[in-house]
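Spelled out, the chains give:
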Amino acid sequence: MARRHLLALLPLCARALTPTLAPAGRRTRATSSLVARAAATAEPEKLKQAPKLESPPVDSTPQLPKVNGGIVIGTRKLAVVTGASSGLGLYGALSLAKRGDYYVILACRNVQRATRIAKEMGFPSNSYTVLKCELGSFKSVRDFVFNLRAFKGPRGLDALVCNAAVYLPADPKPRFTEDGFEMSMGVNHLGHFLMTQLLLPDLKKAKQGRCIIVGSITGNSNTIGGGLVYPRADLGNLKGLRSGPGSEMADGGNFFGAKAYKDSKVCNMMTVQELHRRYHDDTGVTFSSLYPGCIAETGLFREKRGWFRSIFPVFMKYVTGGYVSEREAGDRLAQVVYDPTCEKSGVYWSWNGNAQQVGLYDPSTKSVKGAGGSGGEIFENDYASSTKDERTAADMYDLSMKAVGLA
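These numbers were taken from a predicted model, which means no experiment stands behind them.

Chemist: Help me get a handle on the packing of helix 8 (residues 138–152) against helix 9 (residues 183–205), residues and values and all.
Modeler: Two elements in contact, helix 8 and helix 9, have axes separated by 9 Å at closest approach and are oriented at 30°. Relative to helix 9, the element helix 8 is oriented roughly parallel. When the axes of helix 8 and helix 9 are compared, the crossing they make is right-handed. Mapping the contact onto sequence places Phe-138, Val-141, Arg-142, Phe-144, Val-145, Leu-148, Arg-149 and Lys-152 in helix 8 and Leu-190, Gly-191, Leu-194, Met-195, Leu-198, Leu-199, Pro-201 and Asp-202 in helix 9. For the contact of helix 8 with helix 9, the per-class residue count stands at 11 nonpolar, one polar and four charged.

Shown next as structure tokens:
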């Protein structure tokens, strides 16, 4: 009976996954200096195409470099995790740090907050350091790479985990990064894209280096979350990315917050496959993506309404079977970093079903199994045809190189 009641909530939750408009003033702070910096970086005529909306602060103030990290790291492997102060990134970094054979760099935009949280979460002493990285600023990404190299010295980088993301479904108008790109695409894709390009030589130095870019079922059109929940990801002919700073969407359309997030995740998964095609054979670096399950309580949903944040975890746990805790998701992320099974490059890793259908109720355990939720074994999932389009992926990659100033 309870399951039937929860099934009745399916249409409601599906509608709730699409954006609801709310006054922007409740979610943003005035930062006219940011808009000025973005306008100075981008072409003025292109920026005029975008509606004026004051964006949240992007703090690219540099951090003084830390040195002598090579002594601290010792013989342990070195991993970088972006967005490591909350959610999947926090628990993934914690899982790696507790193994004892990894030293973890927490790449976060707020160093003080990340340092406090790491202590509160019980990271083993001498297992990590926090380095500042504001993915909404190409300058900050470059500063991070400089500081990372100053800290680690000439040694290689064993793992780069591109995890950080923003999700802005309720925004009626786009926010922009310091460099003039729409915030979701700029942070989730372009910031990580630049970081990956700059750190490829460091990954190549390591024995079996790994680059992991977190994917999402919302960007995979062959899943319920990506194919049935409106809007669907669609890069079109990349008109927006092609036109550069000031564009609202990658396809050149009008801003749609939920779609902007999905489009950025498509770019993430395309980037993994394109990196694999271009660099794996020559460098030996493993490039992979993953879907760790639906972390329904993550801060990624902080801009959704309170009732949604209360119901969504219950719905995902007892109806769809897609629910996974932050701690288990973090363990899954860590597994892709260290497990010999995950040495294969170009793979999209998942667990316990593939989220292409709702889970099935198991009377023996009185729980819903499958759909990528808790439990189960790791397996090679299928990319959707839209993310396997090699021509679009190659165009997206080349345009991203131009966007970040490397072409």
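On we go from here.
Chemist: Mind laying out the state of the cysteines, listing which residues take part and the relevant values?
Modeler: Under the defined criterion, the tally for this structure stands at zero disulfides. Unpaired in terms of disulfides, Cys-162 finds its nearest cysteine sulfur in Cys-211, a separation of 5.0 Å. Given a relative accessible area of 2%, Cys-162 falls into the buried group.

Chemist: Quick rundown of the confidence of the model for the chain? Include the residues and the values.
Modeler: Here the chain averages 81 in pLDDT, while 71% of its residues score no lower than 70. Across residues 219–228, confidence stays below pLDDT 50; counting only partners more than four residues off in sequence or on other chains, it has 40 contacts. When the criterion is pLDDT under 50, residues 301–305 qualifies, and its contacts beyond four places in sequence or with other chains add up to 20 contacts.

Chemist: Explain helix 7 (residues 111–121) residue by residue, including any values.
Modeler: Here helix 7 has its buried residues at Val-111, Ala-114, Ile-117 and Ala-118. Taken down its axis, helix 7 places every buried residue within 130° of arc, on the same side. Residues Gln-112, Lys-119 and Glu-120 are exposed on helix 7 and point more than 90 degrees away from its buried face. In this fold, the buried residues of helix 7 make contact with helix 6 (87–99), strand 2 (102–108) and strand 3 (128–132). Two or three places before Gln-112, at the start of helix 7, stands the capping residue Asn-110, its side-chain oxygen 3.3 Å from that residue's backbone nitrogen.

Chemist: So, empty space enclosed by the protein: which residues are in play, and what are the values?
Modeler: Rolled over the atoms, a probe sized like a water molecule indicates the empty space that remains. For the coordinates displayed, the defined rule picks out two cavities of 30 Å³ or more. Approximately 120 Å³ is the volume found for the largest cavity. What lines the largest cavity is a set of 15 residues, among which Glu-182, Met-185, Ser-247, Met-249 and Ala-250 lie closest to the centre. Listed by contribution, the elements that provide at least two residues to the lining of the largest cavity are helix 9 and helix 11 (239–243). Here the lining of the largest cavity is built from residues that sort into eight nonpolar, five polar and two charged.

Chemist: Could you give me a rundown of the pairing of strand 2, with the residues and numbers involved?
Modeler: Residues in a regular strand project their side chains so that they alternate between the two faces of the sheet. For strand 2, the tally of buried residues reaches seven of seven residues, placing the bulk of the element in the interior. Across six bridges, strand 1 (residues 77–82) lies against strand 2 in parallel orientation. Residue pairing for strand 2: Lys-77 is matched across the bridge by Tyr-102. This β-α-β element, strand 1 to helix 6 to strand 2, shows right-handed connectivity. Inspection of the sheet shows strand 2 paired to strand 3 by five bridges, in the parallel sense. Bridging from a neighbouring strand, Ala-107 pairs with Leu-131 of strand 3. What joins strand 2 to strand 3 is helix 7, and the crossover it makes is right-handed.

Procedures and definitions
- Residues numbered from 1 in each chain as written.
- Predicted model: local features only at pLDDT ≥ 70, side-chain atom pairs only at ≥ 80, totals over all residues.
- Heavy atoms only, no water.
- Axes fitted to C-alpha atoms, helices over the stretch in contact; angles between N-to-C directions.
- Helix = DSSP H or I, 4+ residues; strand = E, 2+ residues; numbered from the N terminus.
- Parallel < 35°, antiparallel > 145°, perpendicular 65-115°, else oblique.
- Left-handed = near helix turned anticlockwise from the far one by under 90°.
- Contact = heavy atoms within 4.5 Å.
- Nonpolar A, V, L, I, M, F, W, Y, C, P; charged D, E, K, R; others polar.
- Disulfide = S-S within 2.5 Å.
- Buried < 20%, exposed > 50% of the residue type's maximum accessible area, 1.4 Å probe, protein only.
- pLDDT = per-residue confidence, 0-100.
- Arc of directions from axis to C-beta.
- Polar contact = N/O pair within 3.5 Å; in protein donor to acceptor, adjacent residues only side chain to side chain.
- 1 Å grid on protein atoms, 1.4 Å probe; cavity = no way out; pocket = protein on both sides within 12 Å on 5 of 7 lines; lining within 4 Å.
- Points joined across faces, edges and corners; volume = space filled by probe spheres on them.
- Pairing = 2+ DSSP bridges.
- Right-handed = clockwise from strand over helix to strand, strands pointing away.

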